[in-house]
Amino acid sequence: MTNQRVVVTGIGAIAPNGIGKEAYWKGLLEGKNAIGSITRFDASRFASRMGGEVRDFKPHPLIPESHLSSMDRAYQMGLTASFMAFEDAGLDIKRLDVNRAGVYMGLAVAAVDRYEEDFCHWRKGEPGKVSAHWYQGWFPSACSGYISLILGLRGTSQVISTGCCASPDAIGMAFDAIRAGREDLALAGGCEAPLTPMAVNAFCSMRALSTRNEDPTHASRPFDKERDGFVMAEGGGVIVLESLAHAKARGATLYAELKGYGTTSNAYHMTAPDPSGEQTARGLCLALEDAGLPPEAIDVVMTHGSSTPLNEKAETRAIKKAMGKHAARLAIPSIKSMIGHPLGSAGVLQIIAAIGCLVRQAVPPTINYEFPDPECDLDCVPNHGRLMTVRNVLVNSAGFSGKNTATLVAKMEELC
Amino acid sequence: MKRRVVITGLGIVAPNGRRKEAFWQALNNGLSGVRTIRRFDASSLPTQIAAEVQDFEPLEFMESHEVKRMDRNHHFAMAASLMALEDSKIELTPESSEHAGSSIGNAVCGLESMQNESQILWEKGPRWGSPYFAIAFFCCGANGVTSIRLKLKGPILTISNGNTSATDAIGAGFRLVQNGRADVMVCGGTEAPLIPLLVGSMSRDGWLSTRNQAPGEASRPFDRHCDGIVLGEGAAMLVLEDLSHAQRRDAPIYAEICGYQNSNSAYHILYPEPNGLGLIRTMKEALHEAEATPGQVDLINAQGNSLLDYDRMESRCIQETFSEGNPIPPVSAITSLIGNPLGALGAFQAAVSALALQNQMFPPHANSFTPDTAYPIHLTGPKAKAGPIRVVVQNSYCFMGKHSTMVYKKYEKEKDD
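Counting starts from 1 at the beginning of each chain's written sequence and moves along it residue by residue. Chains and ligands are labelled by the order in which they are written, letters from A for the one and numbers from 1 for the other. Totals for whole chains, interfaces and linings use every residue, but because this is a predicted model, local features are given only for residues with pLDDT of at least 70 and side-chain atom pairs only at 80 or more, for both listing and counting. Processing note: side-chain calculations cover all non-hydrogen atoms of the structure and skip hydrogens and water entirely.

> Before we go on, may I ask you to explain the overall build of chain A in this structure?
The helix and strand tally for chain A stands at 13 helices and 14 strands. Against the globule reference of 22 Å for 416 residues, chain A gives a C-alpha radius of gyration of 20 Å, in line with a compact fold. With the C-alpha coordinates aligned to their principal axes, the bounding extent of chain A is approximately 65 × 55 × 40 Å. Per-residue burial for chain A yields a buried fraction of 69% across its 416 residues. Residue pairs at least 24 apart in sequence account for 79% of intrachain contacts in chain A once pairs closer than 6 positions are excluded. Computed with the Shrake-Rupley method and a 1.4 Å probe, the accessible areas treat only the protein chains shown as cover for residues. Split by element, the accessible area of chain A, about 12,800 Å² in all, is 51% carbon and sulfur. A run of DSSP states H or I qualifies as a helix once it reaches four residues; a run of E qualifies as a strand once it reaches two. Both are numbered from the N-terminal end. Both definitions apply: the radius of gyration is a C-alpha atom measure, and the globule rule equals 2.2 Å times residues to the power 0.38. Residue burial is assigned from relative accessible area. The probe radius is 1.4 Å, only protein chains are included, and a residue is buried under 20% of its type maximum, exposed over 50%, and partly exposed in between. Whether two residues are in contact is decided by their heavy atoms: any pair within 4.5 Å suffices.

> Quick question: what am I supposed to make of the pairing of strand β1 (residues 6-15) of chain A here?
Put simply, side chains in a regular strand alternate between the two faces of the sheet. All names here are of chain A. In terms of burial, β1 is a largely internal element, ten of the ten residues being buried. Two elements, β1 and strand β8 (residues 235-243), share eight bridges in a ladder whose sense is antiparallel. Each residue of the ladder has a partner; that of Val6, found in β8, is Ser243. A pair of strands is labelled paired if DSSP reports no fewer than 2 bridges between them. Of the strand pairs in this sheet, β1 and strand β9 (residues 256-265) are connected by three bridges, and their pairing is antiparallel. Its bridge partner lying in β9, Val7 is registered against Glu257. For β1 and strand β2 (residues 18-19), the ladder comprises two bridges, and the chain directions are antiparallel. Within β2, the position partnered with Ile14 by the bridge is Ile19.

> Any chance you could explain the interface of chain A and chain B here in plain terms?
Put simply, an interface is often sized by how much accessible area is lost when its parts join up. Counting residues at the interface gives 77 residues for chain A and 78 residues for chain B. Buried area: the accessible area, evaluated with a 1.4 Å probe, that two parts lose upon being put together, summed over both parts. Roughly 6,300 Å² is buried in total at the junction of chain A and chain B, and carbon and sulfur atoms are behind 63% of that figure. On the chain A side of the interface with chain B, the three residues burying the most area are A:Trp122, A:Arg154 and A:Met198, jointly 11% of the side's total. Think of a salt bridge as a Lys or Arg side-chain nitrogen and an Asp or Glu carboxyl oxygen that are within 4 Å of each other. The interface formed by chain A and chain B holds four salt bridges in total.

> Help me understand helix α4 (residues 112-123) of chain A, please; the structure alone is not making it clear to me.
Residues spaced three or four apart along an α-helix point in a common direction, a consequence of the helix completing one turn every 3.6 residues. Here α4(A) contains twelve residues, and its C-alpha end-to-end distance of 16 Å stays within 8% of the 16 Å for a straight helix at 1.5 Å per residue. Its buried side turned inward, α4(A) meets α5 (134-138) and α8 (197-205) of chain A together with α4 (111-124), α5 (133-137) and α8 (196-204) of chain B. Backbone geometry just after α4(A) places A:Gly125 at a positive phi near 75°. An expected span of 1.5 Å times one less than the residue number is assigned to each helix.

> Would you explain the environment of A:Ile319 in this entry?
All names here are of chain A. Mapped onto the fold, Ile319 is located in helix α11 (residues 309-323). Looking at Ile319, the relative accessible area reads 1%, which means it is buried. Sequence separation between Ile319 and Val301 is 18 residues; the distance between their C-alpha atoms is 8.4 Å. When sequence neighbours within four positions are dropped, the list of residues in contact with Ile319 reads Leu284, Val301, Thr303, Gly324, Ala327, Leu330, Ile332 and Leu378.

> So what exactly am I meant to see when it comes to the environment of A:Ala247 here?
All names here are of chain A. On the secondary structure map, Ala247 appears in helix α9 (residues 244-249). Ala247 gets classed as buried once you look at its relative accessible area, which sits at 0%. Distance from Ala247 to Phe83, taken between C-alpha atoms, is 18 Å for residues 164 residues apart in sequence. Once residues within four sequence positions are removed from consideration, Ala247 is found in contact with Val7, Thr9, Glu242, Ala252 and Leu254.

> Would you mind showing me how to read the side chain of B:Glu98 here?
When you line up the elements, B:Glu98 lands in the loop between α3 (72-88) and β5 (100-105). A polar contact of 2.9 Å, which involves the side chain of B:Glu98, links it to the side chain of A:Gln279. We define a polar contact as two N or O atoms separated by no more than 3.5 Å, with the added condition that, inside protein, one atom must be a possible hydrogen donor and the other a possible acceptor, whereas residues neighbouring each other in sequence contribute only through side-chain atom pairs.

> How should the pattern of salt bridges be read in this particular structure?
When the charged atoms of two side chains lie near each other, side chains of opposite charge can form a pair. Evaluated as defined, the whole model comprises 42 salt bridges over all chains. A salt bridge links B:Glu60 to B:Arg18; its shortest N-O distance comes to 3.5 Å. Residue B:Glu60 is found in the loop between β4 (49-50) and α2 (64-69), and its partner B:Arg18 is found in strand β2 (residues 17-18); the two are separated by 42 residues along the sequence. Among the ionic pairs, B:Arg249 bridges to B:Glu241, the shortest N-O distance being 2.8 Å. A relative accessible area of 25% means that B:Arg249 is categorised as partly exposed. Given a relative accessible area of 0%, B:Glu241 falls into the buried group. The network of salt bridges with shared partners includes A:Lys21, A:Glu22, A:Asp88 and A:Arg360.

> For this particular structure, what's the right way to read the nonpolar core?
Proteins that are soluble and globular tend to have nonpolar side chains buried together. Joining through side-chain atoms within 4.5 Å is the link that ties buried Ala, Val, Leu, Ile, Met, Phe, Trp, Tyr and Cys residues into a set, and such a set is a nonpolar core. With 160 residues, the main nonpolar core has A:Tyr75, A:Trp134, A:Trp138, A:Phe203 and B:Phe138 as its most contacted residues. In this view, A:Tyr75 contacts A:Leu107, A:Ala110, A:Ala111, A:Gly137, A:Trp138, A:Phe139, A:Pro140, A:Ala142, A:Cys143, A:Tyr146 and A:Cys191; residues no more than four positions away in its chain are not counted. Grouped together as the second largest cluster of nonpolar side chains are 94 residues, A:Ala174, A:Met338, B:Ile170 and B:Leu355 included.

> Teacher, can you tell me more about the packing of aromatic side chains here?
Aromatic rings in a pair are described by how distant their centres are and how their planes are angled relative to each other. The rule is short: rings of Phe, Tyr and Trp, with Trp giving its six-membered ring, pair when the centres are within 6.5 Å, and they are stacked under 30 degrees, edge-to-face over 60, tilted in between. The final tally for this structure, using the stated rule, is 18 aromatic pairs over all chains. Where B:Phe23 meets B:Phe348, the ring centres are 5.9 Å apart and the plane angle is 55°; that geometry is what we call tilted. Here B:Phe23, found in helix α1 (residues 20-28), pairs with B:Phe348, found in helix α13 (residues 345-359); they are 325 residues apart in sequence, far enough to count as distant. The residues B:Phe23 and B:Phe348 share a single accessibility class, namely buried. Linked through ring pairs, A:Phe119, A:Trp134, A:Tyr135, A:Trp138, A:Phe203, A:Phe230, A:Phe400, B:Phe133, B:Phe137 and B:Phe138 together constitute an aromatic cluster.

In structure tokens, the structure reads:
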């Protein structure tokens, strides 16, 4: 079978600065900051006490009450974003070949929000308080499982756990499956709710987080010289991917085309980026090659931009290496300046932001930009979003163990 | 044009044998890895048995500072990956390593590290937390440490699909080699779930066997008197390789991977779908991709949970898939000897599929005392038997309605390239 073209036909976003694609895109373009002190637990003894919380999150009303009590917050976000994307795409389960509709979800940590306390109950010698069947809700597997189950999709159901590259890897896997004709349609994305004592402390102990606790709204400052670590966040995002033929046959709205995917690994260090940016650059090149596009076709690189001292240096170097002279003409914003870093769901929220760029013909800013860093001298769209022509966006993600994943989304013009 | 994918290396850390030779011999001799739990005092729990990896020394494979920082499932993964790569005799150059990746299945993350960190955090306070905890605890930690050690610069994937994790990780690696995103993928699964909380609560909830007096006979898939899963641990890794890449370097070839399918029954979080198509669909579709008919299948490498409703689901699906005029091929579930190492099980099954095809031997199936008669199938029996074996079907399934099937064939050079 020849390669199928893959399009995005539905979007569900649950971000700290906006729920639903319209609110999220509006929040991004206006530079809406969502970082504040952590309220989900008492973080007063922790080195970093800030987070990007989704304060007004409500699980989708169609999630059965019987499931909610044992469903982790992250999986609730993933399922709610799936419902939103499914509805946004105008899909009708009765008119769908459910055997050819898959679910691909990415996340970095297991169900810490709901089940962390079960470890305490056991430790305190109170096994009776340990939730029944807690392990099945704890397994990351449950994330895609709940979505397949509750939406009634019987195709592939996979959970990809590649740290902070998890959701773009999940999307890449779905992309390959639809492209090869193994599936017609997939819900793909990620979710994460890691604002819990153990997960936050894991990154405090690693000294990876910003400690600008007295000034949370300015703590996440990618590309700024004074950046001192990332701010943990939560959220979920799911997109509906579909073969172009399937989407056209049902008259779907086409938001964008997914054209390329590339993934590499530095094989350098578990947590530090390779300063040369070599493999990150190769990831970007692989996505370009996959899409059959030259660097000059790209207008925006939606960066990983985590606000850590090392990341942005390496990422800038990688973009220059991959894009050559064209790098200076690119807009390279980091949305983490506004929403922080929601680990496994960071990538899909970047991808949804990239689709927003294509739809709105505008780029969001990198906020909190005050002091230029000579080693990060590309245009990160400081502080104010702008209107511009956007044809193709490369999305770059970096994860644990030096993983790099790049995805390329393109404007849908020739089909409209 | 799809590329052909072959298995060229195996690395194994199993409860009943380390390295492929010892493991294969243990299976052929019917040596069970299930024993009384030694890693912690299980005497007050309803279940006191598991398939533990005993006498395993991680220092053989890594430095002591690494051993301390990592979770036990990382130790297994590192050891099995190093063995698999050595077994494949592949030598990666800085250039070829860009086309080599890894895909590892893991269901529960660094559970033991989570348990220990929980203790430290709540007893001593957050400042005592370990800077290595995130790595130890994350699902992708094992793959991270091993891919760095092996200097793999291609796609690195960790799949967390519960009991089907490793089968799906191998499936993902198969796809990446097949579509040219990688030439070599180190694929498999790793798991170290034996902590008091998991064993205690799973047995409390009725999922685990309590045959504490006869550990070797506790895991009895497809037996009418099976009384629950026996948890296991360990890692198995395979080297998957593009056929022409393997041929160029004259690599040893165990078998060819020819088909893979994953699906969901969307029925219930904990129970199999009565009369559902689940494995029937994945078996049929994977066989279709492999261009094989049910009649050509020589061996079914079953999961066999040792839980009656799940075993009956699997035997019913096997019957329905293979009943069309042909005898049902013999079925073997190695869970009968190594228990169920959750996210790693599929990788052990894959290793057995590869070894069965290479050695032309049917793997044994132990502990069939009173075969369940609801959906009669033919089990291979306690002793290994000689082949011929050309096509093997491997099944995996788990909670949340996930099903996966992998199809392997005996490697034949002359198939049109």
